[in-house]
Amino acid sequence: MRCPYCGSLDTQVKDSRPAEDSAAIRRRRVCPDCGGRFTTFERVQLRELFVVKRSGKRVPFDRDKLQRSIDVALRKREVDPQRVERMVNGIVRQLESSGETEVSSEQVGDLVMEGLKNLDDVAYVRFASVYKSFREPKDFEELLLGLGRAAHANGAASDEATDAESAAR
């Protein structure tokens, strides 16, 4: 592993331990040339994935870019980091196990939207506003009305289940 400080290729692993629910290995490394210390993560990669952008450009899939975009949507929201990590791992697993070597940026965006909708409504709206290029307040209104309908439907379903339980007693 190349040292990020001096570029030396002769770095040494000082400590290894499981990370991210044992989905990765965290390694502490040291460079004998400059003494710099840094951390790396090793993850299983089932296949090399490429993302096809709307412009048609193909770029390698970047898990860190996915994580950063989700972190931006979740900024200043109190969401358990482990839940976020599970969501990111789930998205990556879905993409890798699809059997395709190329995925569209829309497919990635839709998976993120679905994950954020289940994680945090505010983050979902933030991400949607950028992903869907909202231009007017009515775009937000339509999205929020859809969220309200979904919440109402979920609430009605749970009310019906509670009523059924009460009737059974």
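Our subject is the structure that appears above.
Residues numbered from 1 in each chain as written. Predicted model: local features only at pLDDT ≥ 70, side-chain atom pairs only at ≥ 80, totals over all residues. Heavy atoms only, no water.

Here the focus is the pairing of strand E3 (residues 37-43). In terms of strand pairing, strand E2 (residues 24-30) meets E3 through seven bridges, oriented antiparallel. Looking at the pairing, Arg29 lines up with Phe38 of E3. A loop of six residues connects E2 with E3, the two strands running antiparallel in sequence, and Gly35 in this loop sits at a positive phi of about 80°. (Pairing = 2+ DSSP bridges. Helix = DSSP H or I, 4+ residues; strand = E, 2+ residues; numbered from the N terminus.)

What follows covers the packing of helix H2 (residues 81-96) against helix H3 (residues 105-119). At a closest axis distance of 10 Å, the pairing of H2 and H3 adopts a crossing angle of 150°. Comparing their axes, H3 and H2 come out roughly antiparallel. Our pair here, H2 against H3, has a crossing hand that is right-handed. Facing H2, whose interface residues are Arg83, Val84, Met87, Ile91, Gln94 and Leu95, H3 presents Gln107, Val108, Leu111, Val112, Gly115, Leu116, Asn118 and Leu119. Partitioning the contact of H2 with H3 into residue classes produces nine nonpolar, four polar and one charged. (Axes fitted to C-alpha atoms, helices over the stretch in contact; angles between N-to-C directions. Parallel < 35°, antiparallel > 145°, perpendicular 65-115°, else oblique. Left-handed = near helix turned anticlockwise from the far one by under 90°. Contact = heavy atoms within 4.5 Å. Nonpolar A, V, L, I, M, F, W, Y, C, P; charged D, E, K, R; others polar.)

With mixed pairing, the three strands of this open sheet are ordered in space as E5-E4-E6. In this open sheet, the two strands that pair with only one neighbour each are strand E5 (58-60) and strand E6 (102-104). Averaged over all adjacent pairs, the angle separating strand axes in this sheet is 35°, with direction ignored. Relative to E6, strand E4 (residues 50-52) is paired through three bridges, and the arrangement is parallel.

This next bit is on the packing of aromatic side chains. Counted by the stated rule, this structure contains two aromatic pairs. Relative to Tyr131, the ring of Phe127 has its centre 5.8 Å away and its plane inclined at 25°; by these criteria the two rings are stacked. Separated by four residues within a single helix, Phe127 and Tyr131 lie in helix H4 (residues 121-131), roughly one turn from each other. Taking the relative accessible area as the measure of exposure, Phe127 reaches 14% and is therefore buried. With a relative accessible area of 15%, Tyr131 lands in the buried category. A ring pair is formed by Phe134 and Phe140, whose centres lie 4.9 Å apart and whose planes are at 85°; its orientation type is edge-to-face. If you follow Arg58 out to its NZ or CZ, it ends over the ring of Phe50, 4.3 Å from the centre. (Phe/Tyr/Trp six-rings, centres within 6.5 Å; stacked < 30°, edge-to-face > 60°. Buried < 20%, exposed > 50% of the residue type's maximum accessible area, 1.4 Å probe, protein only. Lys NZ or Arg CZ within 6 Å of the ring centre and 35° of its normal.)

For the rest of this paragraph, the subject is the sheet that holds E3. Within the open sheet, the three strands sit side by side as E1-E2-E3. Their pairing is antiparallel. The strands lining the two open edges of the sheet, one partner per strand, are strand E1 (12-19) and E3. Pairs of neighbouring strands in the sheet enclose a mean axial angle of 25°, with direction left out of account. Here E1 runs beside E2; their pairing, made up of seven bridges, is antiparallel. Paired with Val13 across the two strands is Arg29, which belongs to E2.

Remember, this is a structural readout, not a statement about activity or role.
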